Each structure stands twice: as structure tokens, then as C-alpha cells.
Amino acid sequence: ALDLTGLQVTATLSGGGAGVITGGYTTSPANGAVLTESTTVTVAYQSQTTTFDVTVSEGYALSVTAGKNGSVSTSGGSRVAGTAVSVTATPDYGYKFTGWTASGLALTDKTANPLTFTMPAGAVTLAAGFEFVGAPVPWGVDYDAGYGGVIFGADGGQCLVLATQPNYVIEAITVDGKRLDGVQNLKEFTTTVAPKRSIFATFSYKAPAYVPDPAPPADDEDPADPADPVDPADPSDSVDPADPTDPTSPADDTPVTESGWVQNETGAWEYLTDGEAETGWLYDTNYKAWYYLAESGAMQTGWVKDGSTWYYFTTSGTMKTGWVKDKNAWYYLAGNGAMVAGKWLKDTDGSWYYLSGNGKMLTGKQSIGGKTYTFKANGVWVS
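Residues numbered from 1 in each chain as written. Predicted model: local features only at pLDDT ≥ 70, side-chain atom pairs only at ≥ 80, totals over all residues. Heavy atoms only, no water.

1. A word on the overall build of the chain
Helices and strands together make up the secondary structure of the chain, namely zero helices and 33 strands. Looking at the chain as a whole, 40% of its 383 residues are labelled buried. When contacts within the chain are restricted to residue pairs at least 6 apart in sequence, long-range pairs at least 24 apart make up 47% of them. Entry remark: accessible area of the chain is about 21100 Å², with carbon and sulfur atoms responsible for 48%. (Helix = DSSP H or I, 4+ residues; strand = E, 2+ residues; numbered from the N terminus. Buried < 20%, exposed > 50% of the residue type's maximum accessible area, 1.4 Å probe, protein only. Contact = heavy atoms within 4.5 Å. Areas by Shrake-Rupley, 256 points an atom, 1.4 Å probe, with all protein chains shown as cover.)

Okay, structure coming up:
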């Protein structure tokens, strides 16, 4: 088809010089006419006509789509092979562009935006991908999310509650003091919150059949140790109720065999399977507890860093969850054992705490996210 889009007609002016005619002219054949080989195009402007020799090139179909979370600068059309094509993807509010999916075209950079390429001799299909990244909560809304998820804003005063940590789900959502029904165990929920109102969310951990690989905490922050708190709930760091009776021996009464707990020549406890020492994570079905074994096979106690995540193990080697006190500082370990850091935490009694970047519970006056908060000696936030 003849494509005269963007045609510029230059005319010689009566007073001398030349100028571009931007409209008011006609062409024969008309734009879009189906032609073969070569033809002559006549441009008529007022009483003057000019002819051009035009070589007709075959056009190929270009289809560009965006889905419902963004838009693209063109839907496509017919493009001549060898010509330059540029397409731009624009994400909707709260989303980001993630890349192109192409058919009939080899992309060297799938995340290029705008995407510029040379039209091949064949049909091309492009689809823009977008991903939700969230947006600020509407102005004037008081909000807070406990460990395991976030609260994002959306258009029209909407708030999206999203469980972001592995194996976490929504436990409860309270809007302006009223607890919402039907949200428990959901991964996400959207509701509308009016300005100068509030929304609070808590999340709970659903334990899998294995130890997951939780997101790494930010462990580069090192605030001063808070004072030894006197916690009304008094989370205890004594022997875990799930620990074996003898806290120094996971299998103190078990004779040494080729399978199970054995004590090596250095006095360290190991767990053997068919005579081979296990390493890494181990779940003991007898004690219903998790243990961590070093590369040497030795059972670990105290703080252990696996990857970039910290865990705490009792003197009998069992993985600790909940509150733990170490060197006059309180820490909180999630249901999967991972140390909570850089997060707000709502305890089972409804009290709010904040765990710093290195996991230590904050007390006194603290600056968090540019705001000043006050915490009691036991870490409870004074609202």
C-alpha cells in the first residue's frame, strides 16, 4: 500500500525562495492505494501539480500490545522492511516496565525503552510487560504494616495490603479502628481508606515442610545496645520447651550407632545417616525441632548466619523462634527462625515494637523514616 504519511511538499515561492506546503494538497493515487512495482504520484496544490516517481515496497505487519497495566506509543500497523521503528512503553501508576516479549524479532536488549529496531522482512509482534511496585499511600492516611508485608497506595484513595515475605499471609486488617472480615490467610487485599483515617495490617507465617530461604535483613546498621528491658510479657530465653530434656545433649541416652545423634572425639554433637555426618539444616522428627550442622557436621548453638540471614540456636541446638535475649539486647525471630531486622513488629498482645537494622529491639526516642518515635524500656511503642 502507498504510505504518504509525513509527506512534505516543497514549492517555489513567487517572491523567490522555497517553502514547505503542510496541507491543502491532494495526491493521485490517494494515500493507502494498493500499488505494484513503480508508479507516478501526482501532488496537486491549488492550480499547480508536481509529479514524483515512487517505488512501492511491501509492508509487513507490526503488532504492539501492552495489557492492562500500561500503554504503548503505537499499536503497530504496516512497516516496510529496512525502516527504523521506535516503540515506547509507559507503565500505569504503581507499576514498572519489565521488558518486551517479541515474536519475529531478535531483541538484544529486552528492557530497552524506547525500543528502536530495524523492521525485518516479516511480521513482528511485541508485548510490553509491567510489574506492580506500589505507590505512596494516599496523603493524610495513617498506616502501618507488621513484619511480613507492606501497604501500598493506589488511585482513588485505595490501599493495597500485600504479603511480601515468603510463606506469610494476611492475619488481620484494621481500617479506622474496625477489623475487616474475610481477609485472613489472603496474600493481598485492596480497600479504600478516606483521608485522615487509618489502616493497619498484621501478617502471620504459615510454616512449610522445609526451611525456606527468607529475604536477607539489612545487617549493616549498628545502633547502641538498648538497656536491658523489663518486658511485661517476659519472653524467656531459657531452654526451649521443645528442647530435649538434657539441654546439653540432643540424644544423651542414645547409644552411638551409624544413624542418629552421636558425639565425636572433640565432644561436638553430629547427626549420622548411614554413617555419614549430615550438614546444613536438619529436622529431627523425634524432637520436632530444627538444627543446623556446620560443614564439619558439628551441631551449632547461638547465632548462625546462613547466607545473609541470622538464626539463633539454643544450647541444645534447637532453632529458636519468638523473643530471645542476648548480651542485654532483645531480638525477635520469625516463625521460620529468621531474625527480624529493620521492621515494625506487632506482638501477640497487640504491642508494637521496632527491630533495628541489626535486629536489636529499640528503646527510648528513635528516628525511623524521618519521624521520631518513643519506646518504653521494654520496647513497646508509645502511641
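2. As for the sheet that holds strand 23 (residues 276–277)
Taken together, three strands build an open sheet; the order of strands is 21-22-23 and the sheet is antiparallel. Two strands in the sheet have a free side with no partner beyond their single neighbour: strand 21 (260–263) and strand 23. Note: strand 22 (residues 269–273) against strand 23, two bridges, orientation antiparallel. Residue pairing in the sheet places T273 in a bridge with E276 of strand 23. (Pairing = 2+ DSSP bridges.)

3. So, the sheet that holds strand 19 (residues 188–192)
Pairing within the open sheet is antiparallel, and its three strands lie in the order 15-16-19. Each edge of the sheet is formed by a strand with only one pairing partner; in this case those strands are strand 15 (149–153) and strand 19. Across the sheet, the mean angle separating the axes of adjacent strands is 20 degrees when strand polarity is ignored. (Axes fitted to C-alpha atoms, helices over the stretch in contact; angles between N-to-C directions.)

4. With respect to unusual backbone geometry
Here the residue pair N113 and P114 is connected by a cis peptide bond, since its omega of 10 degrees sits within 30 degrees of zero. Mapped onto the elements, P114 comes out in the loop between strand 11 (95–103) and strand 12 (115–118). Of note in this structure, K327 is not a glycine but carries a positive phi near 55 degrees. Among the structural elements, K327 can be located in the loop between strand 28 (322–326) and strand 29 (329–333). For K327, a relative accessible area of 70% gives the class exposed. Here the phi dihedral of N328 falls at roughly 65 degrees; this positive angle occurs in a residue that is not glycine. Turning to its location among the elements, N328 is positioned in the loop between strand 28 and strand 29.

5. Here's the deal with the nonpolar core
I151, V161, I173, I199, F203, W323 and L355 are the most contacted members of the largest nonpolar core, which has 26 residues in total. Taken together, the elements giving at least two residues each to this core come down to strand 16 (158–163), strand 17 (168–175), strand 20 (198–205), strand 29 and strand 31 (352–355). Grouped together as the second largest cluster of nonpolar side chains are 18 residues, V85, V87, L105 and F117 included. (Core = buried A, V, L, I, M, F, W, Y, C linked by side-chain atoms within 4.5 Å.)

6. What about the side chain of T318?
Within the fold, T318 resides in the loop between strand 27 (309–313) and strand 28. When its relative accessible area of 1% is taken as the criterion, T318 is described as buried. A polar side-chain atom of T318 sits 2.8 Å from a polar atom in the side chain of T314. (Polar contact = N/O pair within 3.5 Å; in protein donor to acceptor, adjacent residues only side chain to side chain.)

7. A short note on the confidence of the model for the chain
Here the chain averages 75 in pLDDT, and 67% of its residues register 70 or above. In the model, residues 209–252 has pLDDT below 50 throughout and makes 98 contacts with residues more than four positions away in sequence or in other chains. (pLDDT = per-residue confidence, 0-100.)

8. A few points about the packing of aromatic side chains
Evaluation of the coordinates by the stated rule reveals 22 aromatic pairs. Ring centres of W281 and Y292 lie 5.3 Å apart, and the angle between their planes is 80 degrees; on these two criteria the pair is classed as edge-to-face. Here Y292 lies in strand 25 (residues 289–293) and W281 lies in strand 24 (residues 280–284), a separation of 11 residues in the sequence. In this structure W281 comes out as partly exposed when scored by relative accessible area, which is 23%. Its relative accessible area of 17% is what places Y292 among the buried residues. Judged by centre distance (5.2 Å) and plane angle (75 degrees), the rings of W323 and Y332 are edge-to-face. (Phe/Tyr/Trp six-rings, centres within 6.5 Å; stacked < 30°, edge-to-face > 60°.)

9. With respect to the pairing of strand 20
Of all eight residues making up strand 20, six are buried, and the element is well covered by its neighbours. Sheet topology places strand 17 next to strand 20; seven bridges connect them, and they run antiparallel. Of the residues in strand 20, the one forming a bridge with I173 is A201.

10. Section: the pairing of strand 12
Residues of strand 12 alternate between two faces, with L115 and F117 buried on one and T116 and T118 left unburied on the opposite face. Summarising the sheet, strand 9 (residues 84–87) and strand 12 pair through four bridges and their orientation is antiparallel. Of the residues in strand 12, the one forming a bridge with V85 is F117.

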